[in-house]
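So the chains spell out like this:
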Amino acid sequence: MPPTDMLLRNKLSGSEPMIDILADFAFDLSLDAVPQTVAHQAPLSILDTVGCIVSGSRNEDAARLADVEIRSGRAGAARVVGRRERLTAEAACRINAFSGDIFELNDLTGGHSGIAVVPAALALAQEEEVSGRILLEAVISGVECIARLSKAIEGRTDAFRSGTVGLGVMYTLGAAAASAKILGLDREETRQALRIGAAMGPWCPTEIHFREGGTVKPLFFGSMPGSTGITAARYAQAGMTGPAGILDSDMGFLTTIAPSWDPTAVRGDLGWFLANPRRKLHACCGRIHSAIDIAIEMRFAGAPFHQARRVQVSVGPQSFPLISKGGRLPSSPNEARFNLEYCVALAMLGADLITPEDSEKVAAHLTRKTLRELIAKIEVVSDPDRAGFYDARIAMMDHDGREYVVEASAARGSCENPLSDDDVIAKFRHLTVPLLSAEVIDRYIQRMGRLSDAEEVSWVIEEVAEV
């Protein structure tokens, strides 16, 4: 059967293009109407993202990016964490989002939705001087749009065949939804903002994320999608228009990247994703987290990893080519954050948490003979029975032939094993205490708890900018 134009079919049946369904959802969203759990989780998502931004703001690559943006950019109203200059919302978003993504600690709700949406919303909110309620509505609408698209293609794409993980389009669309809310766009302008954002979304190359991607990787999850989403909303506000079939026509994004995508997710039939957020404890790819947690559990139970003869780590077929490095030692911080053998070996040898320093100081860690020897003993295998994002199993045999086996399907921070409010706050403290005073941190946490009552939100960045 020849390909059918799904957009035409939608029009003939009276249904709307999928992108307009998302846009109408974002436009209609009101803080008073969202479930209480969602309204409660949104400020925590902002807090979590800001903590990641503060932590990453002193990274050398983040500083290099900021130097370039400041030299080449225009002055504006938006602050950058760690800098005194005020830039345009787009430039500030690019820098803050890069800082927040560099250590792979930002949330996993609908993918890494927060790192595109939150920096974009905070930067534009400083220009527009909006209230806490508007900021929360913007963040919720952006995150939910991304999460619904992400769920629609979950497990249905082949990143290595297509050469892209497809996140640039989704994240830009979500940032455009948040920006439309803050700019106060009407329904039709909001539709055009999402259409333009999806059309302008950056390619997210698989090579950059899971192979030798250099130092530019954080540009593609938050920086470029977030800033492009702001620009898309501005274009729509000025009267420009975008393609209605960008998602679901026979040449659209969803049809191209995942021909069997699930429309029920886009329509919202699966509920609110922020009601069950996914967040990170370990500073590395989320697909490694269960294996790290298992290694820590086994170590606490007395597994003698120092006497290991061989260690087999089983993960799902989708995770395997992304995080298994065949025993190859990481040669850069970015490679370390996506290297299962390295991260799991650290946990086996005593790390209770994979921290930013574990990737930043990878060269120093690899001078440890015991670490290199253990990495060489770890074999990662693809197990078709472990199809879930977090599914993992570790089987270790010691020199006496004793075998130790533990498996898990829900890492700490997953929907099934979520971080508590106290956990999120403790993570924020851990990430910011080297750079901010205890007084500033305490005051900030208290104010975030009352964000919905705030008349303006410039302080959300201002209070943590001087690091």
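Residues numbered from 1 in each chain as written. Predicted model: local features only at pLDDT ≥ 70, side-chain atom pairs only at ≥ 80, totals over all residues. Heavy atoms only, no water.

It is worth spelling out the confidence of the model for the chain at this point. Per-residue pLDDT for the chain has a mean of 93; in total, 97% of the residues score no lower than 70. Taken as a whole, residues 1–14 scores under 50 in pLDDT and shows 18 contacts with residues more than four places along the chain or in a different chain. (pLDDT = per-residue confidence, 0-100. Contact = heavy atoms within 4.5 Å.)

Right, let's get into the environment of Val-118. Looking at the element boundaries, Val-118 is found in helix H6 (residues 113–128). On the accessibility criterion, Val-118 (1% relative accessible area) is buried. Ignoring anything within four residues of it in the chain, the contact list for Val-118 reads Ile-46, Thr-49 and Val-139. (Helix = DSSP H or I, 4+ residues; strand = E, 2+ residues; numbered from the N terminus. Buried < 20%, exposed > 50% of the residue type's maximum accessible area, 1.4 Å probe, protein only.)

Counting through the fold element by element, Asp-269 comes out in the loop between helix H14 (263–267) and helix H15 (289–300). Among the residues examined, Asp-269 registers a relative accessible area of 48% and is labelled partly exposed. Residues Asp-269 and Arg-148, 121 residues apart in the sequence, show an inter-C-alpha distance of 9.4 Å. At 2.9 Å, the side chain of Asp-269 and the side chain of Arg-267 are in polar contact. (Polar contact = N/O pair within 3.5 Å; in protein donor to acceptor, adjacent residues only side chain to side chain.)

Another point: the side chain of Thr-109. Here Thr-109 is to be found in the loop between helix H5 (89–101) and H6. What Thr-109 contacts, discounting residues up to four positions off in sequence, is Val-143, Phe-273, Leu-274, Pro-277 and Arg-278.

Taken together, the side chains of Met-200, Tyr-235 and Met-240 define a hydrophobic patch exposed on the protein surface, amounting to about 260 Å² of accessible area. With respect to the helices, strands and loops of the structure, Met-200 is situated in helix H10 (residues 187–200). Its relative accessible area of 34% is what places Met-200 among the partly exposed residues. (Patch = residues over 30% accessible without salt bridge, like charges linked within 9 Å, V, L, I, M, F, W, Y side chains within 5 Å. Areas by Shrake-Rupley, 256 points an atom, 1.4 Å probe, with all protein chains shown as cover. Salt bridge = Lys/Arg side-chain N within 4 Å of Asp/Glu carboxyl O.)

The next thing to look at is empty space enclosed by the protein. Enumeration according to the criterion identifies 1 cavity of 30 Å³ or more in this entry. Volume-wise, the largest cavity comes out at about 60 Å³. Every residue along the wall of the largest cavity is listed here: Phe-210, Arg-211, Lys-325, Arg-328, Leu-329, Pro-330, Glu-335, Phe-338 and Asn-339. Along the lines of polarity and charge, the residues of the lining of the largest cavity split into 4 nonpolar, 1 polar and 4 charged. (1 Å grid on protein atoms, 1.4 Å probe; cavity = no way out; pocket = protein on both sides within 12 Å on 5 of 7 lines; lining within 4 Å. Points joined across faces, edges and corners; volume = space filled by probe spheres on them. Nonpolar A, V, L, I, M, F, W, Y, C, P; charged D, E, K, R; others polar.)

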